[in-house]
Amino acid sequence: MGSNEPRRVRRVPRPARSARPGPRPGSRPGPGRGGDRPALLRLGDHRPRLRFISVGLTFVLLVFVLRLLQVQAVDANSYAQQANLNRYITAPIAAERGSVTDRTGRELATTVDTYDITADPYLFKPAQAGVPDAPDRAAELLAPILGEDRAELREKLTNPPAPRFVVLARKQTPQTWRQIQDLKSTLADKQGKDEGHNALAGVYSEPGSKRVYPNKELAAGVLGFVTGDGAGGGGLEAQFDKQLAGKDGKITYAQSAGRRVPTVGADEQPATPGTSIELTLDRDIQWAAQQAITDQVKKSKADRGYVVVQDTRTGELLALANSPGYDPNDLSTASGAALGNPALQDVYEPGSTAKLMTMAAVLEEGKAAPGTRVTVPNRLPRADRAFADDHDHATYHLTLTGVLAKSSNIGTILAAERLGKNQSEANKVLHRYLTRFGMGQRTGLGFPGETRGLLADPGDWNASQQYTIPFGQGMSVNSVQAASVYSTIANGGLRTTPTLVRGTSGPDGRYTAAPKPDSERVVSKKTARTLSRMLESVVHDEEGTGKVAEIPGYRVAGKTGTSNRVDPETGSYRGYTSSFAGFAPADAPRVTVYCAVQNPKRGSYFGSEVCGPVYQQVMKFALKTLQAAPSGTKPAGLPTTFDPGD
């Protein structure tokens, strides 16, 4: 084969590899080159896993970032407010109520420090308190201290009327609040040592005041009272409530564990104290009047009675006493009928004390004089009836002064008929004078519930009224109106509006005198002087009905009154109203005293015997207290009768 072509090598294919390495059939594995080599391990690609983890971490961080953005930017104010709810407390600061004093500065109504025990129910919720039974624990601790029912306290903390404020007990003493504070401090110390829970952490106090009447029943009808929530509930306390109350303030401060944080400042709006009021009343004269009328009402078993004492020169009321009364410190013992001021709120027919106004009209109109003769029969037929005096008698021969001294109804009717050419005209003239004296009008005191009395227009007077009104029946008054009539005559015919407030002292302590009251002339000085002398005959003349009211050393002008009483329940006449009115010294008037007793049921019912002694007792005390000089002259001694033969 001598050819020079290259020799071709024949390629023999290798045996195929098994998909799964292992020993060949019939062979034995062995070490060294002679055996099969093991298969190589190959790692998977790590990059997909890293990408997945990165995406997951990015998502988680993004959630945190978004939440942080929401907390710090979007809902920042809301979370701050929620934090402040637990940290900051806003509590009111109660204004101190102004005091009420008499004309000399002696306290009639004042205030003492108290605390309203309050709580924040939000802090007693399980999420805030950390325990599920916080209200029950707090109620258990507070009930014996406050004297309150445990179940009621728990109910207030669990279901409060307001979410962040509830009153647990009102008007507690400083000692009670100090006891609660000590208990809170003890619990807070234990909480700091992980020894328990401060169940009183959400309990606070509101400083306030409690109204106190140091003289108890004295002048209660004038002063009134204060309700449980601190508002005036009657009398001057209600009338001047806004001025007396002042204006509450408030304070916001940080707290922790129920205690104020001293290092954190507070936002405080101070309270403005109330205005104090000085009354025209004299405490001692008020006491004397109240004592006298209380004794007489009890003695005569009457329904009630009143005494008014007035300064004739200024119109100031020195006393305004009622019986029965009440203690404004404890209203639980007071009856509903005793509350208020009957001396201004009761309306009744004045009886013969009103005859003074009829005589004033007759004298001022020039229709008669003190010595004018009036023949008084036992009966006087008029309209559809025959009028009589309080007792049967033979024909009296009286002067106009005698008519007043003996308190003759018939004589008064005859005098009133002189006021006009006919009865209708006489009625109009009398009505005009009654109105000038203040009948049918409010006194000007502005007192809550005060009545204006009853005085119909003269055209509406029926056949009986046109003859009974001249002697004080068929019309109605209150006791201050009745007293004002006599003060008008004592003041020379000038009617001065009665007053109860003498002045006020504001929060700055500056005193402001009350405005001068209005005055109006009713009759001339001459007429007033004449009437005063006629009234002296009632007390000092042997024929007068008011001799019981005489006061040694003083000339006294007065008038008795006894009238049929309208029963407020039935509207019909039943019982009597006994009264006495007058002023002294008659020659230099200083004080008016008026007394009325409703429905005396034991002993006499005549005004001279029921109210005459009260008048004398109170007048003597008032004259002494005011240091009024005794009279330097004797009573006028005007004639009361005449001899028909002269």
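As a convention, each chain's residues are numbered from 1 in the sequence order in which they are written. Given that this is a predicted model, residues contribute local features only at a pLDDT of at least 70 and side-chain atom pairs are listed and counted only at 80 or more, while totals for whole chains, interfaces and linings are drawn from all residues. Values reported for side chains reflect all heavy atoms of the structure, with hydrogen atoms and water molecules removed beforehand.

Draft legend 1. Fine view of the overall build of the chain. Counting from the N terminus, the helices are DSSP H or I runs at least four residues long and the strands are E runs at least two residues long. Within the chain, the secondary structure is distributed over 20 helices and 24 strands. Working definition: with a 1.4 Å probe on protein chains only, accessible area under 20% of the residue-type maximum means buried, over 50% means exposed, and in between means partly exposed. For the chain, the proportion of its 646 residues judged to be buried stands at 46%. For the chain, the exposed surface amounts to about 33,700 Å²; the carbon and sulfur share of it is 51%. All accessibility values rest on the Shrake-Rupley procedure with a 1.4 Å probe; residue burial counts only the protein chains present in the view.

Draft legend 2. Looking closely at the packing of aromatic side chains. Ring pairs shown here join Phe, Tyr and Trp side chains whose ring centres sit within 6.5 Å, with only the six-membered ring taken for Trp; geometry is labelled stacked below 30 degrees between planes, edge-to-face above 60, and tilted in between. All told, the structure shown has eight aromatic pairs when counted by the stated rule. Between Tyr-576 and Tyr-605, the aromatic rings sit 3.9 Å apart at their centres with planes inclined by 5°, giving stacked as the arrangement. A residue pair is termed long-range when its members are at least 10 positions apart, and Tyr-576 in strand β23 (residues 573–584) and Tyr-605 in the loop between β24 (591–598) and α19 (607–610) qualify at 29 residues. Tyr-605 sits in the partly exposed class, given a relative accessible area of 29%. Aromatic ring contacts, followed pair by pair, group Phe-387, Tyr-467 and Phe-471 into a single cluster. The lysine or arginine in question, Lys-406, covers the ring of Tyr-396, its NZ or CZ lying 4.9 Å from the ring centre. Whether a charge sits over a ring depends on NZ of Lys or CZ of Arg being within 6 Å of the ring centre and within 35 degrees of the ring normal.

Draft legend 3. Structural view of the confidence of the model for the chain. Counting all residues, the mean pLDDT for the chain is 88, and 88% of those residues have values of 70 or more. Think of pLDDT as the predictor's per-residue confidence, scored from 0 to 100. We call two residues in contact when some of their heavy atoms are within 4.5 Å. The low-confidence segment residues 1–6 (pLDDT under 50) makes zero contacts with residues lying over four places distant or belonging to another chain. pLDDT under 50 marks residues 18–22. Its contacts with residues more than four places away, or in other chains, come to two contacts.

Draft legend 4. View of unusual backbone geometry. Looking along the chain, the bond that leaves Ser-323 and enters Pro-324 is cis, with omega of 0°. Looking at the element boundaries, Pro-324 is found in the loop between β13 (317–323) and α11 (342–345). Its identity is not glycine, yet Lys-171 carries a phi of approximately 55°, on the positive side. A positive phi angle, near 55°, is found at Ala-383, a position not held by glycine.

Draft legend 5. Region of interest: the sheet that holds β13. In this analysis, strands are considered paired if DSSP registers two or more bridges between them. Strand order in the open sheet formed by five strands is β13-β12-β24-β23-β22, with antiparallel pairing between adjacent strands. Lying at the two open borders of the sheet, with one neighbouring strand each, are β13 and β22 (557–566). Adjacent strand axes in the sheet meet at a mean angle of 10° when their direction is disregarded. As judged from the nine bridges shared by β22 and β23, these two strands associate in the antiparallel manner. Looking at β23, one finds that Gly-561 is bridged to Ser-579. Sitting on the sheet, helix α17 (residues 479–490) touches β12 (304–311), β13, β22, β23 and β24, and the angle it makes with β12 is about 30°. Between the N-to-C directions of two axes lies an angle of 0 to 180 degrees, each axis being a line fitted to C-alpha atoms and, for a helix, fitted only over the stretch in contact. Lying over the sheet, helix α20 (residues 612–625) contacts β12, β22, β23 and β24, oriented at roughly 30° with respect to β23.

Draft legend 6. Looking closely at the packing of helix α12 (residues 355–364) against helix α18 (residues 525–540). At a closest axis distance of 10 Å, the pairing of α12 and α18 adopts a crossing angle of 135°. With respect to α18, the element α12 is oriented oblique. α18 is crossed by α12, and the crossing has right-handed handedness. Across the interface between the two elements, Leu-356, Met-359, Ala-360, Leu-363 and Glu-364 of α12 pack against Thr-527, Thr-530, Leu-531, Met-534 and Leu-535 of α18. Residue composition of the contact of α12 with α18, grouped by class: seven nonpolar, two polar and one charged. Convention used here: angles under 35 degrees read as roughly parallel, angles over 145 as roughly antiparallel, angles from 65 to 115 as roughly perpendicular, and any remaining angle as oblique. By the definition used in this description, the sense in which the near helix is turned from the far one sets the handedness, with an anticlockwise turn below a right angle giving left-handed and a clockwise turn giving right-handed. Ten residues, namely Ala, Val, Leu, Ile, Met, Phe, Trp, Tyr, Cys and Pro, are considered nonpolar, four, namely Asp, Glu, Lys and Arg, are considered charged, and the remaining ones, Gly among them, are considered polar.

Draft legend 7. Region of interest: the UniProt feature "transmembrane region" (unreviewed entry) in the chain. UniProt positions are given in the numbering used here, feature names are shortened, and annotations may be inferred rather than shown by experiment. Per the UniProt record, the feature "transmembrane region" (unreviewed entry) sits at residues 50–69. Annotated as 100% helix and 0% strand, the span residues 50–69 places its first and last C-alpha atoms 28 Å apart.

Draft legend 8. Looking closely at helix α4 (residues 134–146). Each helix should span, by expectation, one fewer than its residue count multiplied by 1.5 Å. If you check α4, its first and last C-alpha atoms are 18 Å apart, about what 13 residues at 1.5 Å a residue would give, namely 18 Å. For α4, the principal kink sits at Glu-140 and spans about 25°; a proline, Pro-144, occurs within the next four residues. Residues of α4 that are buried: Ala-134, Pro-135, Ala-138, Ala-139, Leu-142, Ala-143, Ile-145 and Leu-146. Trailing α4 by a residue or two, Gly-147 shows a phi angle of about 70°, which is positive. To get the bend at a given residue, fit one axis to the seven residues ending there, fit another to the seven starting there, and take the angle between those axes.

Draft legend 9. Just the pattern of salt bridges, in detail. Should a side-chain nitrogen of Lys or Arg be within 4 Å of a carboxyl oxygen of Asp or Glu, the pair is scored as a salt bridge. Tallied over the entire structure, the rule returns 27 salt bridges. Notably, a salt bridge pairs Asp-136 with Arg-150, separated by 3.0 Å at the nearest N-O pair. Of the two residues, Asp-136 is situated in helix α4 and Arg-150 in helix α5 (residues 150–158); the sequence distance between them amounts to 14 residues. Taking relative accessible area as the criterion, Asp-136 reaches 24% and is therefore assigned partly exposed. For Asp-303, the salt bridge identified is with Arg-565, shortest N-O distance 3.1 Å. Placement of Asp-303 in the loop between α10 (283–299) and β12 and of Arg-565 in strand β22 is noted, with a sequence separation of 262 residues between them. Asp-303 sits in the partly exposed class, given a relative accessible area of 34%.

Draft legend 10. Summary view of the pairing of strand β15 (residues 379–382). Relative to strand β16 (residues 385–388), β15 is paired through four bridges, and the arrangement is antiparallel. Within β16, the position partnered with Arg-382 by the bridge is Arg-385. Taking the residues between adjacent antiparallel strands as the criterion, β15 and β16 are bridged by two residues, where Ala-383 takes a positive phi near 55°.

Draft legend 11. Spotlight on the side chain of Glu-316. If you trace the backbone, Glu-316 turns up in the loop between β12 and β13. Glu-316 sits in the buried class, given a relative accessible area of 14%. Polar contact criterion, stated in full: a pair of N or O atoms within 3.5 Å, where within protein one must be able to donate a hydrogen and the other to accept it, and residues adjacent in sequence count only if both atoms are side-chain atoms. Looking at Glu-316, its side chain comes within polar contact range of the side chain of Arg-103, at 3.0 Å. Residues in contact with Glu-316, not counting those within four places in the same chain, are Arg-103, Thr-280, Val-309, Gln-310, Asp-311, Thr-499 and Arg-502.

Draft legend 12. View of the nonpolar core. Take the buried residues of types Ala, Val, Leu, Ile, Met, Phe, Trp, Tyr and Cys, join any two whose side-chain atoms come within 4.5 Å, and each joined set is a nonpolar core. One finds Leu-279 and Leu-320 to be the most contacted residues of the largest nonpolar core, which totals 86 residues. Of all hydrophobic cores here, the second largest spans 31 residues; its members include Ala-321, Val-539, Ala-549 and Cys-595.

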